[in-house]
Amino acid sequence: MIKRLLYAFAIILAAIACSGKEELPEFHKDPIEKPDEPKDPEQPADSTATKPEEDGFVISDALGLIEFARKYNASAADDSTYTGATVTFAKDLTFDAAKSRNFPGIGTEERPFNGTINGKGFSIHGLTACTPLVNVLDSDGIVKDVDISKDCKFQSEGDNNFNFGAIAAVCRGAVMNCSNEADVNVTSPVGLANVHLGG
């Protein structure tokens, strides 16, 4: 009797095996989305990086201009990245009080600016500073198509022999098709006999 039962059970198992295996459902195969690439912690959140592009530096905000000015002023005369650089505005640049305090002006007596600033007709707004856009413009330097808005203000104090202006304090190069509507004020405790004041 037991043998008959075992034989019947074996036949049932064989029949199940021959009928084919039940197909198991496949796992969900949607592509896994990659997380966003981490941002460079050294790059300001609201600033475009002032890295040179094919046609020079493209500036899209006030922080970008501040960053360029600092790096240019600190660069060596034989630094090909900055010597003769072209700076192009991509839009209006708006400063607030904190950004105004941090703007050093482009160029120094030791490192005059010898490149080209092309404002493309865009304006600088809200800059209240004791430095102009360019401190010292070298003989090869050019500033063109830049508008300084009337909501900017430039204030400087010195002796009776100094240069100051909104676009350039010392201009040995060329300023072309630029405009300034901002107030430019200078004071001197010894008089203003030899002050050269530009726009």
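Before reading further, recall that the structure is shown in the block above.
Residues numbered from 1 in each chain as written. Predicted model: local features only at pLDDT ≥ 70, side-chain atom pairs only at ≥ 80, totals over all residues. Heavy atoms only, no water.

## Quick notes on the overall build of the protein chain
A count of helices and strands for the protein chain gives three helices and 16 strands. By residue count, 36% of the 199 residues in the protein chain fall in the buried class. Within the protein chain, contacts between residues at least 6 apart in sequence are counted, and of these 79% link residues at least 24 apart. Taken as a whole, the protein chain presents about 12,800 Å² of accessible surface, with 54% of it coming from carbon and sulfur. (Helix = DSSP H or I, 4+ residues; strand = E, 2+ residues; numbered from the N terminus. Buried < 20%, exposed > 50% of the residue type's maximum accessible area, 1.4 Å probe, protein only. Contact = heavy atoms within 4.5 Å. Areas by Shrake-Rupley, 256 points an atom, 1.4 Å probe, with all protein chains shown as cover.)

## Some thoughts on the packing of aromatic side chains
Going through the model one piece at a time under the given rule, you end up with seven aromatic pairs. For the ring pair F68 and F113, a centre distance of 6.4 Å and an interplane angle of 85 degrees mean the geometry is edge-to-face. One end of the pair, F68, is in helix α2 (residues 62–74); the other, F113, is in the loop between α3 (97–102) and β4 (116–118), with 45 residues separating them in the sequence. Assigned by exposure class, F68 and F113 land together as buried. (Phe/Tyr/Trp six-rings, centres within 6.5 Å; stacked < 30°, edge-to-face > 60°.)

## So, the sheet that holds strand β1 (residues 57–59)
The strand order across the open sheet built from five strands is β1-β2-β4-β8-β13, with neighbouring strands paired in parallel fashion. The sheet is open, and its two edges are formed by β1 and β13 (174–176), each paired on a single side. Across the sheet, the mean angle separating the axes of adjacent strands is 15 degrees when strand polarity is ignored. Packing of α2 onto the sheet brings it into contact with β1 and β2 (86–89), and relative to β1 it is tilted by some 140 degrees. (Pairing = 2+ DSSP bridges. Axes fitted to C-alpha atoms, helices over the stretch in contact; angles between N-to-C directions.)

## With respect to the sheet that holds strand β14 (residues 179–180)
Through backbone hydrogen bonds, the strands of a sheet pair up, either in parallel or in antiparallel fashion. Taken in spatial order, the four strands line up as β3-β5-β9-β14 in an open sheet, and their pairing is parallel. At either margin of the open sheet sits one strand with a lone partner, and together these are β3 (93–94) and β14. Judged from the two bridges that link them, β3 and strand β5 (residues 123–125) form a sheet pairing that is parallel. Note on β5: the bridge partner recorded for L93 is I124.

## Some details on the environment of C152
Of note, C152 is situated in the loop between β9 (147–148) and β10 (153–157). For the pair C152 and T94, spaced 58 residues apart in sequence, the C-alpha to C-alpha distance is 9.8 Å. With residues near it in sequence (within four places) discarded, C152 still touches I124, H125, G126, L127, A182 and D183.

## Quick look at the pattern of salt bridges
Taken as a whole and judged by the stated rule, the model has three salt bridges. Here E67 ties to K71 by a salt bridge, and the two come within 2.9 Å at their closest N and O atoms. Taken together, the residues E67 and K71, both in helix α2 and four residues apart, mark about one turn of the helix. When the shortest N-O distance is used, the salt bridge between R172 and E109 registers 3.5 Å. Linking R172 in the loop between β12 (168–171) and β13 with E109 in the loop between α3 and β4, this pair joins segments that are 63 residues apart in sequence. Given the relative accessible area of 42%, R172 is considered partly exposed. (Salt bridge = Lys/Arg side-chain N within 4 Å of Asp/Glu carboxyl O.)

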